[in-house]
Amino acid sequence: QVSLVESGGGLVQAGGSLRLSCAASGLTVRFYDMGWFRQAPGKEREFVGAIRWRNDNTYAGDSVKGRFTISRDTLKNTVYLQMNSLKPEDTAVYYCAGGNVATGTTAREYDYWGQGTQVTVSS
């Protein structure tokens, strides 16, 4: 049984930082493509970042490039999203996802999802 559990969300002021964690069970993050997505009220789920299992390449969505970084800790079987220079428009529920993907940038490519963690950025 696969379980992805996000943590680290909360309320932060604009310009601040948060690190989100995705603890995986039943899935080895070293051998799966892992991604982060977010969804704000009234908007579609948006790609945030991904890390590929084959070559460790990382990708970031256009809206967060230069501010967010995705990484993984193999020993802890955990994926992280480091979020810096946060803006109010980053406010959303952030989801961790895993699977075997082609591009990693679209939600439908992923098979496994966490329940999400709320990030709220105040101005």
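Caption draft 1: Quick look at the sheet that holds strand β3 (residues 18–25). A sheet is described by the order of its strands in space; here 4 strands give the open sequence β1-β3-β8-β7, paired in antiparallel fashion. With one partner strand each, in any of the chains shown, β1 (3–7) and β7 (68–73) form the two edges of the open sheet. Taken over all neighbouring pairs, the strand axes of this sheet differ in orientation by 15 degrees on average, direction set aside. Where β1 meets β3, 5 bridges bridge the pair, whose relative direction is antiparallel. Bridge pairing in β3 links Ser3 to Ser25.

Caption draft 2: Representation of the pattern of salt bridges in the model. Applying the stated rule across the entire model yields 6 salt bridges. The shortest N-O distance in the salt bridge between Glu46 and Arg38 comes to 2.9 Å. Note that Asp62 and Lys65 form a salt bridge whose closest N and O atoms lie 3.2 Å from each other. The network of salt bridges with shared partners includes Arg38, Glu46, Arg67 and Asp90.

Caption draft 3: Unusual backbone geometry, seen in detail. The phi dihedral of Asp56 is positive, around 65 degrees, even though this residue is not glycine. Summarising the element assignment, Asp56 is placed in the loop between β5 (46–51) and β6 (58–60). In this model, Ser85 sits at a positive phi of 50 degrees, which is unusual for a non-glycine residue. Within the fold, Ser85 resides in the loop between β8 (78–83) and β9 (92–99). Accessibility expressed as a relative area gives 41% for Ser85, which makes it partly exposed.

Caption draft 4: Structural detail: the environment of Gly99. With respect to the helices, strands and loops of the structure, Gly99 is situated in strand β9. For the pair Gly99 and Phe31, spaced 68 residues apart in sequence, the C-alpha separation works out to 9.2 Å. Excluding anything up to four places from it in sequence, Gly99 contacts Tyr32, Asp33, Tyr110 and Asp111.

Caption draft 5: Quick peek at the environment of Gln82. Here Gln82 lies in strand β8. Spatially, the C-alpha atom of Gln82 lies 17 Å from that of Leu4, the residues being 78 residues apart in sequence. Contacts of Gln82, omitting those with residues within four sequence positions, involve Ser17, Leu18, Arg19, Arg67, Phe68 and Thr69. Side-chain polar atoms of Gln82 contact the side chain of Asn84, separated by 3.0 Å.

Basis of the calculations
- Residues numbered from 1 in each chain as written.
- Predicted model: local features only at pLDDT ≥ 70, side-chain atom pairs only at ≥ 80, totals over all residues.
- Heavy atoms only, no water.
- Pairing = 2+ DSSP bridges.
- Helix = DSSP H or I, 4+ residues; strand = E, 2+ residues; numbered from the N terminus.
- Axes fitted to C-alpha atoms, helices over the stretch in contact; angles between N-to-C directions.
- Salt bridge = Lys/Arg side-chain N within 4 Å of Asp/Glu carboxyl O.
- Buried < 20%, exposed > 50% of the residue type's maximum accessible area, 1.4 Å probe, protein only.
- Contact = heavy atoms within 4.5 Å.
- Polar contact = N/O pair within 3.5 Å; in protein donor to acceptor, adjacent residues only side chain to side chain.

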